[in-house]
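Observations on the model geometry
Here's the letter readout for the chains.
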Amino acid sequence: MKNYLIYNGSLVPEEEVLISPLNRGMMYGDGCFDTLRTYKGKFFKLEEHFKRFINSANYLGIETYFEFADFKLKILELLEANHLMKKDAIIRVQCWRDGGRGYLSKSTNAHWITSSSEIEPYKESIQLSIVDVRAIPADALERIFKLSNGLNYIKAANQSNLSGADDALMLTMNKKVSETTKANIFWVKENTVFTPSINCDLLPGITRNTIIDLLAKTSLFSVVEGEFEVKDVEHSEAVFVTNSVREIVSVTSIDGTRFDSSHPVVHSIKDNFEEFKRQNLS
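Read on for an overview of the structure. Since we're looking at a predicted model, the values are computed, not measured.

The rules behind these values
Residue positions within a chain follow its written sequence, with the count starting from 1. It should be noted that, the model being predicted, local features are given only for residues of pLDDT at least 70 and side-chain atom pairs only at 80 or more, the latter also being counted only at that level, while totals for whole chains, interfaces and linings use all residues. To get the side-chain values, all heavy atoms of the structure are used, and hydrogens and water are removed first. Only DSSP runs of H or I covering at least 4 residues are called helices, and only runs of E covering at least 2 are called strands; the numbering of each starts at the N terminus. Each radius of gyration is computed over the set of C-alpha atoms, and the globule rule expresses the reference value as 2.2 Å times the number of residues to the power 0.38. Partly exposed residues are those whose accessible area sits between 20% and 50% of the maximum for their type, while under 20% is buried and over 50% is exposed, using a 1.4 Å probe and protein chains only. Contacts are residue-level and defined by heavy atoms, with any inter-residue pair within 4.5 Å sufficient. Each accessible area value is a Shrake-Rupley result obtained with a 1.4 Å probe; residue values ignore everything except the protein chains displayed when judging cover. Charged residues are defined here as Lys and Arg on the positive side and Asp and Glu on the negative side; His and the ends of the chain fall outside this count. For this purpose, a charge sits on NZ of Lys, CZ of Arg, CG of Asp or CD of Glu. We define a nonpolar core as any set of buried Ala, Val, Leu, Ile, Met, Phe, Trp, Tyr and Cys residues linked to one another through side-chain atoms lying within 4.5 Å. Between the N-to-C directions of two axes lies an angle of 0 to 180 degrees, each axis being a line fitted to C-alpha atoms and, for a helix, fitted only over the stretch in contact. Throughout, the term roughly parallel applies to angles under 35 degrees, roughly antiparallel to angles over 145, roughly perpendicular to angles from 65 to 115, and oblique to all others.

What follows is about the overall build of the protein. Across its full length, the protein holds seven helices and 15 strands. The globule rule puts the C-alpha radius of gyration for 282 residues at 19 Å, and the 19 Å found for the protein is close to it. For the protein, the C-alpha atoms occupy an extent of roughly 55 × 40 × 35 Å along the three principal directions. Put simply, the protein has 282 residues, and 49% of those count as buried. Contacts in the protein between residues at least 24 apart in sequence constitute 69% of all its contacts with a sequence separation of at least 6. Counting only carbon and sulfur atoms, one obtains 51% of the accessible surface of the protein, whose full area is about 14300 Å². If you average the places of the 33 positive and of the 38 negative side-chain charges in the protein, the two averages end up 2 Å apart.

As structure tokens, this is what we get:
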């Protein structure tokens, strides 16, 4: 069965997409991307993903030539072609700047690929390991965008894998808790939920922001964003991580320090998120 991609706006069989090996995406990571989950042909906060992707391209000085309505229609076309309308799937939108070798490029044009795949089963809880690889400071590279060069994440993920963990917990240059390679991190102490602020060189994920908004609307739990040390996490009762594909995943341990993976506060947050998502699928 053929697998299809959207390449530069057209539905094309994957094997027919020909890309020069001298493209700037491969040579320099000169591009951006976004990843999202679909729910049997429906979306959660698709427009926020679209806006982040467009803003990422604008940050790089890459022109975009499509509107949100076209973006959504193309994804639906892709899901239909790949028989994923009745399944949960992952969508990845990728672009890279046109042009050749050399760091300087005056081109604002880009190539675009949208791919889809059925979502695979994932662990309901994970283990983290603190790694030596630091989060890139926002002063060096803006952190609110999803940019193609992820070498620091790759090195961090490889280091955590060698320690037997599922993901890496990364710190800032001044050793404040930042994020994992895949997700934002939260932890619970009593009835308060803590999470690193955007000053901690992290990508503020759409699921992260949704949970913070939901917590702010309830009187059951308070939420605190700030700059925290590892000991603040280690002295908590429960830890969980969030992203748009896996949503909310409990953390059982960080370098041997164990946490309650069935904590009632985390269960409540999961239930509230699930209900909010159900009401806002479109």
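Membership of the largest hydrophobic core comes to 22 residues, with the highest contact counts inside it found for F53, F66, F71, I75, L79 and W112. Within the residue set of this core, elements represented by two or more residues are β3 (31-39), α2 (46-60), α3 (68-81), β5 (88-97) and β6 (110-118). Not counting chain neighbours up to four residues away, the residues in contact with I75 comprise F43, L46, I91 and T114. Among the nonpolar cores identified, the runner-up in size contains 18 residues, and L169, W187, V249 and V251 belong to it.

Between helix α5 (residues 206-216) and helix α7 (residues 264-280), whose axes approach to 11 Å, the crossing angle comes to 105°. The angle between α5 and α7 falls in the class roughly perpendicular. Of α7, the residues touching α5 (which contributes T207, T210, I211, L214 and L215) are I269, N272, F273 and F276.

Moving on, we come to unusual backbone geometry. Negative phi values dominate among residues other than glycine, just as trans dominates among peptide bonds. Even without being glycine, N8 reaches a positive phi, approximately 50°. Structurally, N8 can be placed in the loop between β1 (4-7) and β2 (10-13). The partly exposed category is assigned to N8, whose relative accessible area is 30%. The backbone of D255 shows a phi angle near 50°, a positive value even though the residue is not glycine.

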